[in-house]
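Letter by letter, the chains look like this.
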Amino acid sequence: MPRDLPLNEIPGLLTVTTPLAVNDAAAVWIDNILVYSTGIAFTVNAEFREEFEPGTVNLGTYVHPHPAPSLQLTALYSDGRKSTNTTAFRAEPSDTHEPFLLSPNSASGPHSASATYYLTPFPAPGALRLALTCPILDIDETTLTFDEVNLQQAHRNITPLWQENS
C-alpha cells in the first residue's frame, strides 16, 4: 500500500535541533525525522514539570473511544493540502494524493509523553509546515517549517535495498 512505510529502503535523515515550544511548565520538540520515498516519519516529544496521571497527556492520533489527543498537530503542504491528527483513526482519504497523518503508537508517563507519526505522501515542492498546539501544557500554536531544499536533500539520501517487486 502506498500509505505504509516502505520496507525496501533506508530512509534519509532530516535533523532538527530547535524545540517547537518551551515554557515554564513544558517543552515540546520533534526528532527522528526519517524521509521515505512515500512520506516522512517523526517523533513528537514532550517533557513537563507537573506530574500527570500516565495517559493524560496524549500526543498521538485520536482513537475512539479514548479522549481526543492533548496535542493538535496539522501538516500544511505548500500547495494548500493539509492533514491533522484530530480526524478519526485510520480514516484514510480515498484519494492517495490527499495527505494522511497517522500516529501508530504513543506513550505517556507522569513527566513525559511521545508519539510517532507518519505523514504521506511525500510533500509537494515547497516548504512543509507542522503546526501544533497543546492546551494541557499551556502551549499556544507554534509552527515548524521544513524548507524544500532540506526535504529534497534528505529524499536524495534514501538508500534503496531491493526492487519492490522482487
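Note that the coordinates shown come from a computational prediction; the quantities given were computed from them, not determined experimentally.

Some remarks on the sheet that holds strand 10 (residues 128–134)
Judged by pairing direction, the sheet is antiparallel, and its four strands sit side by side in the order 7-6-10-11 without closing on themselves. Both edges of this open sheet fall to strand 7 (82–84) and strand 11 (139–146), since each of them pairs with a single strand only. Direction aside, neighbouring strands of the sheet carry axes that sit 15 degrees apart on average. Sheet topology note: the strand 6 (residues 72–76)/strand 7 ladder contains three bridges and is antiparallel. The partner of Ala 75 across the bridge, within strand 7, is Ser 83.

Considering the pairing of strand 6
A regular strand carries its side chains on alternate faces of the sheet. Sheet analysis places strand 6 next to strand 10, joined by five bridges and oriented antiparallel. Bridging from a neighbouring strand, Thr 74 pairs with Ala 131 of strand 10.

Comments concerning the pattern of salt bridges
Tallying each qualifying case throughout the model produces one salt bridge. Where Arg 81 meets Asp 79, a salt bridge forms, and the shortest distance between an N and an O atom there is 2.9 Å. The exposure class of Arg 81 is buried, given its relative accessible area of 18%. In this structure Asp 79 comes out as partly exposed when scored by relative accessible area, which is 45%.

Let's talk about the side chain of Arg 81
Of note, Arg 81 is situated in the loop between strand 6 and strand 7. For Arg 81, the side chain forms a polar contact with the side chain of Asp 79, separated by 2.9 Å. Residue contacts for Arg 81: discarding those within four places in its chain leaves Ala 75, Leu 76, His 97, Glu 98, Pro 99, Pro 121 and Ala 124.

Regarding a nonpolar patch on the surface
On the surface, a cluster of nonpolar side chains totalling about 300 Å² of accessible area is made up of Ile 10, Leu 161 and Trp 162. Take Trp 162: it is sitting in the segment after strand 12 (159–160). Assessed through its relative accessible area of 47%, Trp 162 is described here as partly exposed.

Thresholds applied
- Residues numbered from 1 in each chain as written.
- Predicted model: local features only at pLDDT ≥ 70, side-chain atom pairs only at ≥ 80, totals over all residues.
- Heavy atoms only, no water.
- Pairing = 2+ DSSP bridges.
- Helix = DSSP H or I, 4+ residues; strand = E, 2+ residues; numbered from the N terminus.
- Axes fitted to C-alpha atoms, helices over the stretch in contact; angles between N-to-C directions.
- Salt bridge = Lys/Arg side-chain N within 4 Å of Asp/Glu carboxyl O.
- Buried < 20%, exposed > 50% of the residue type's maximum accessible area, 1.4 Å probe, protein only.
- Polar contact = N/O pair within 3.5 Å; in protein donor to acceptor, adjacent residues only side chain to side chain.
- Contact = heavy atoms within 4.5 Å.
- Patch = residues over 30% accessible without salt bridge, like charges linked within 9 Å, V, L, I, M, F, W, Y side chains within 5 Å.
- Areas by Shrake-Rupley, 256 points an atom, 1.4 Å probe, with all protein chains shown as cover.

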